[in-house]
Amino acid sequence: MATALCPGSFDPVTLGHIDIIERSARHFERVIVAVIRNPQKTQSLFTLEERQEMLAEALAHLGNVEIAFFKGLLVEFARDNGADAIVKGLRAVSDFDYELQMAQMNQRLTGIDTFFLSTSPLYSFLSSSLVREVARFGGDVSGMVPGHVNQRLLARFTGGGGEDS
Ligand code: PNS
């Protein structure tokens, strides 16, 4: 049974992520959306539980997709969960260098292959970090994230209780 991992921070999930996961679910029998517990990059906007809830709602229509958390090396999580492949979306040339480096390192570590899907041109400019920034300053990100994620962003940045409150 071919299992793929779609890893990321998903802080929050965007329509770009969902497009990649939906397309992965057509090519692999089982897809595990692997949410990193300890991202290096930034302080998270949403808790792990919130991210899990948003992903679950956004992916409820996909019967062969699961959501799981991991910490440490992605390749070890892949090995522990019987995953045969990693799937990543490539938005632009700017993604390529780092993604290639990670794919080669992961291949070297355990032999796992990474498959790259070209991001839909509709979403090639989209990232969770830009969505957070635009939403934080009151910009309209509907059409870039599911409606329920947009509601959470609006609540976070206009309703109090968020990182800037
Ligand atoms: O959504 P992101 O933040 O761009 O996702 C990055 C992620 C989680 C896919 C990447 O940082 C990762 O795989 N981290 C796990 C740690 C690891 O295995 N590092 C070695 C990579 S070669």
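Look a little higher up for the structure.
In short, a report on the structure. All of these numbers come straight from a predicted model, not from anything done at the bench.

**Considering helix 6 (residues 147-158)**
Here is step 1 of the chain: Taking 1.5 Å of rise per residue, twelve residues should cover 16 Å, and helix 6 covers 16 Å from first to last C-alpha, within 8% of that figure.
Here is step 2 of the chain: Inspection of helix 6 places H148, V149, N150, L153, R156 and F157 among the buried residues, and these make up the whole buried set.
Here is step 3 of the chain: For helix 6, the secondary structure elements touched by its buried residues are helix 2 (48-58) and helix 5 (128-136).

**Brief notes about the pairing of strand 4 (residues 85-90)**
Here is step 1 of the chain: Buried residues dominate strand 4, accounting for five of its six residues.
Here is step 2 of the chain: Bridge count for strand 1 (residues 3-8) against strand 4 is two bridges, and the pairing is parallel. Across the sheet, the residue bridging to A4 is A85, located in strand 4.
Here is step 3 of the chain: As a crossover connection, the stretch from strand 4 through helix 4 (residues 93-110) into strand 5 (residues 113-118) is right-handed.

**Examining the nonpolar core**
Here is step 1 of the chain: With 32 residues, the main nonpolar core has V13, I21, L59, V65 and L153 as its most contacted residues.
Here is step 2 of the chain: Only strand 1, helix 1 (15-27), strand 2 (30-36), helix 2, strand 4, helix 5 and helix 6 provide two or more residues apiece to this core.
Here is step 3 of the chain: When residues of this core are assigned to their parent elements, the largest contribution, four residues, is made by helix 1.
Here is step 4 of the chain: Contacts of L153, omitting those with residues within four sequence positions, involve P12, L45, F46, V131, A135, V141 and V145.
Here is step 5 of the chain: If you look at the next biggest cluster of nonpolar residues, it comprises 13 residues, including I36, L74, F77 and I86.

**A closer look at the sheet that holds strand 2**
Here is step 1 of the chain: Pairing within the open sheet is parallel, and its five strands lie in the order 3-2-1-4-5. In this open sheet, the two strands that pair with only one neighbour each are strand 3 (65-70) and strand 5. Pairs of neighbouring strands in the sheet enclose a mean axial angle of 30°, with direction left out of account.
Here is step 2 of the chain: Pairing geometry for strand 2 and strand 3, over six bridges, is parallel. Within strand 3, the position partnered with I36 by the bridge is F70.
Here is step 3 of the chain: Those strands touched by helix 1 are strand 1, strand 2, strand 3, strand 4 and strand 5, and its axis lies near 120° from that of strand 5.

**Examining the packing of aromatic side chains**
Both the distance between ring centres and the angle between the ring planes are used here to describe each pair of aromatic rings.
Here is step 1 of the chain: According to the stated counting rule, one finds two aromatic pairs in the structure shown.
Here is step 2 of the chain: Seen from their ring centres, F28 and F115 are 6.0 Å apart, and the 75° between their planes marks the pair as edge-to-face. Of this pair, F28 sits in the loop between helix 1 and strand 2 while F115 sits in strand 5; the two residues are 87 residues apart in sequence, bridging distant segments of the chain.
Here is step 3 of the chain: Classification of F28 by relative accessible area gives buried; the value is 15%.
Here is step 4 of the chain: Seen from their ring centres, F70 and F77 are 5.5 Å apart, and the 35° between their planes marks the pair as tilted.
Here is step 5 of the chain: Under the relative-accessibility criterion, F70 is labelled buried at 6%.
Here is step 6 of the chain: Residue class for F77 comes out buried when judged on its relative accessible area of 11%.

**Overview of helix 1**
Here is step 1 of the chain: Taking 1.5 Å per residue, 13 residues should reach 18 Å; helix 1 reaches 19 Å between its end C-alpha atoms and fits that length.
Here is step 2 of the chain: Along helix 1, the residues classified as buried are G16, I18, D19, I20, I21, R23, S24 and A25.
Here is step 3 of the chain: Considering only its buried residues, helix 1 is in contact with strand 1, strand 2, helix 2, strand 3, strand 4 and strand 5.
Here is step 4 of the chain: Two or three places before G16, at the opening of helix 1, T14 has a side-chain oxygen 3.2 Å from that residue's backbone nitrogen.

Rules used throughout
- All chains use their own residue numbering, which begins from 1 and follows the written sequence.
- Predicted model: local features are reported for residues with pLDDT of at least 70 only, side-chain atom pairs are reported and counted for 80 or more only, and whole-chain, interface and lining totals are derived from all residues.
- Side-chain measures here rest on the full set of heavy atoms in the structure, leaving out hydrogens and waters.
- We count a stretch as a helix when DSSP gives it H or I for four or more residues in a row; a strand needs E for two or more, and each element gets its number in order from the N terminus.
- An expected span of 1.5 Å times one less than the residue number is assigned to each helix.
- Classification of residues uses two cut-offs on accessible area relative to the type maximum, computed with a 1.4 Å probe and protein chains only: under 20% is buried, over 50% is exposed, and between them is partly exposed.
- Should any heavy atoms of two residues lie within 4.5 Å, those residues are considered in contact.
- Strand pairing requires that DSSP identify at least two bridges connecting the strands.
- Classification remark: right-handed applies to a crossover when, strands pointing away from the viewer, the course from the first strand over the helix to the second runs clockwise.
- By convention a nonpolar core is built from buried Ala, Val, Leu, Ile, Met, Phe, Trp, Tyr and Cys residues, the set being connected through side-chain atoms within 4.5 Å.
- All axes are obtained by fitting lines to C-alpha atoms, using only the stretch in contact for helices, and the reported angles, taken between N-to-C directions, cover 0 to 180 degrees.
- Each pair of aromatic rings taken from Phe, Tyr and Trp, with Trp reduced to its six-membered ring, is defined by centres within 6.5 Å and is described as stacked if the planes are under 30 degrees apart, edge-to-face if over 60, and tilted in the remaining cases.
- Side-chain atoms alone can form a polar contact between residues adjacent in sequence; in general such a contact is a pair of N or O atoms within 3.5 Å, and within protein one must be able to donate a hydrogen while the other accepts it.

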